[in-house]
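# A look at the structure
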Amino acid sequence: MDLTVFVLLSVCSHQFVLEATQPQIICSSEPVQAVYSEHVLLQCYLKPPLNAASETVKWTCGNDVVILCQNGKYNPGAQREHFEARTALSQEALTKGNLSLMLTSLKLTDTGRYKCSFITDNVEKSCYVNLTVGESDVIGSDEPVKANVGEDVILPCHLEPPFNVSTLTVEWRRNKTYVHVYRSMKHDPNQQNSHFINRTYLFCDEIGKGNISLLLRNVSKEDEGLYICYVPKLHSQVRKGNITLKVDAAKHDTKQFNGSINNNSTKNTDGADDTTVITAVITAVCTAVFPAVIIAFIAWYIWKCWQNRRQTGEQNDHPNNEQVEQQQDIPLREEQEQPNPDNLSNSLVS
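Here is a short report on the structure shown in this document. (Residues numbered from 1 in each chain as written. Predicted model: local features only at pLDDT ≥ 70, side-chain atom pairs only at ≥ 80, totals over all residues. Heavy atoms only, no water.)

## Looking at a nonpolar patch on the surface
On the surface, Phe-290, Ile-294, Phe-297, Ile-298, Trp-300, Tyr-301, Ile-302, Trp-303 and Trp-306 cluster together into a nonpolar patch covering about 1100 Å² of accessible area. Take Trp-303: it is sitting in helix α5 (residues 269-317). (Patch = residues over 30% accessible without salt bridge, like charges linked within 9 Å, V, L, I, M, F, W, Y side chains within 5 Å. Areas by Shrake-Rupley, 256 points an atom, 1.4 Å probe, with all protein chains shown as cover. Salt bridge = Lys/Arg side-chain N within 4 Å of Asp/Glu carboxyl O. Helix = DSSP H or I, 4+ residues; strand = E, 2+ residues; numbered from the N terminus.)

Below, the structure written as structure tokens:
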């Protein structure tokens, strides 16, 4: 009896020691969301860290084996064909107790509940990660984009959730006209309409983040209309986005008017130079001479007034000769006009 109790206690204590010395296995507590054809890392690790390179690590989804690694070697025979060549464990990470699974080229059918298992000394510890694989939709703009003539404008378009389309073809169209084509990771000008040559650009650093917005430079009234950004080979039911561009022509007339003036000025450059020189000379002469003429006229006017006053004063003090002569002539004429007594008597006689 005592021996039986001792054996049971020994087994229980040994089991307790084994469990106490075994690390905990921890998975991501948050659901993981990923995009079709992208890759995802399903996190799983041991705490405290333990070298798992020589142990058994297994990932499963339902009854399907995703990957099986035993003693540092993969067992491809146990893997389901659906996951073939799309899974990986990092050997370096395993030595640090990191059991995370890399799953690439995601498919919609990869959605599910994944089990990460660590098996050592016939003891299995497990945790779970929920994965959802979805599609990215091309999103345009519900609101029209407005611009003035001559300005640069960005036509917004992106993928939601973000998705790397750098290896795919991206097309921008207006009606049936190709505005911009991105193919083989670079701009393809072969199909581009001549109206848009050297005026359209994609943000290359942003394409990997799902941003396929178009920069359109030097907007004209003819650019107005409905634009479509299109990713033909995107695995999604929404591969197109619409953007309406409205161009304000209010500044267009002003620019045309200024342009016509500039053209006329350019055409008449030689004549404009002569006219400019003549105008400058006349302006300089007028600026220098006109004040002097005004001053001279004022001085002449003052001098004239002074002369008139002076002559008037002299006339009052000294009458002129004609007046004197007239005054002297008057008594002489009176004396001459007096009758001679002799003639008078003779006349009476007669």
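## Comments concerning the side chain of Ser-220
Within the secondary structure, Ser-220 is located in the loop between β20 (214-216) and β21 (225-230). A relative accessible area of 16% places Ser-220 in the buried class. (Buried < 20%, exposed > 50% of the residue type's maximum accessible area, 1.4 Å probe, protein only.)

## Focus on the sheet that holds strand β14 (residues 153-155)
Reading across the sheet, the 3 strands line up as β14-β20-β19 and stay open at both edges, with antiparallel pairing between neighbours. This sheet does not close on itself; its edge strands, each paired only once, are β14 and β19 (200-202). Adjacent strand axes in the sheet meet at a mean angle of 25°, parallel and antiparallel pairs treated alike. (Pairing = 2+ DSSP bridges. Axes fitted to C-alpha atoms, helices over the stretch in contact; angles between N-to-C directions.)

## Considering the environment of Tyr-227
You can see Tyr-227 is positioned in strand β21. Note: C-alpha distance between Tyr-227 and Arg-173 (54 residues apart in sequence) is 5.6 Å. Ignoring sequence-local partners within four residues, the contact set of Tyr-227 consists of Leu-155, Trp-172, Arg-173, Arg-174, Val-179, Phe-196, Leu-216, Gly-241, Asn-242, Ile-243 and Leu-245. At 2.6 Å, the side chain of Tyr-227 and the backbone oxygen of Asp-223 are in polar contact. (Contact = heavy atoms within 4.5 Å. Polar contact = N/O pair within 3.5 Å; in protein donor to acceptor, adjacent residues only side chain to side chain.)

## Digging into the state of the cysteines
All chains considered together, the criterion is met by 3 disulfides. Through a disulfide, Cys-157 is tied to Cys-229; the S-S separation comes to 1.9 Å. Here the S-S torsion is close to 60°, and the disulfide linking Cys-157 with Cys-229 is therefore right-handed. With Cys-157 in the loop between β14 and β15 (158-160) and Cys-229 in strand β21, the pair connects residues that are 72 residues apart, well separated along the chain. Of the two residues, Cys-157 and Cys-229, neither departs from the other in class, the shared state being buried. If you count the bonded cysteines of the protein chain from the N-terminus, they pair up as 1-4, 2-3, 5-6. (Disulfide = S-S within 2.5 Å.)

## What about the pairing of strand β4 (residues 44-47)?
Alternating residues of β4 divide into Cys-44 and Leu-46, all buried, and Tyr-45 and Lys-47, none buried. Examined bridge by bridge, strand β1 (residues 24-27) and β4 share 4 bridges and lie antiparallel to one another. Residue pairing in the sheet places Ile-25 in a bridge with Leu-46 of β4.

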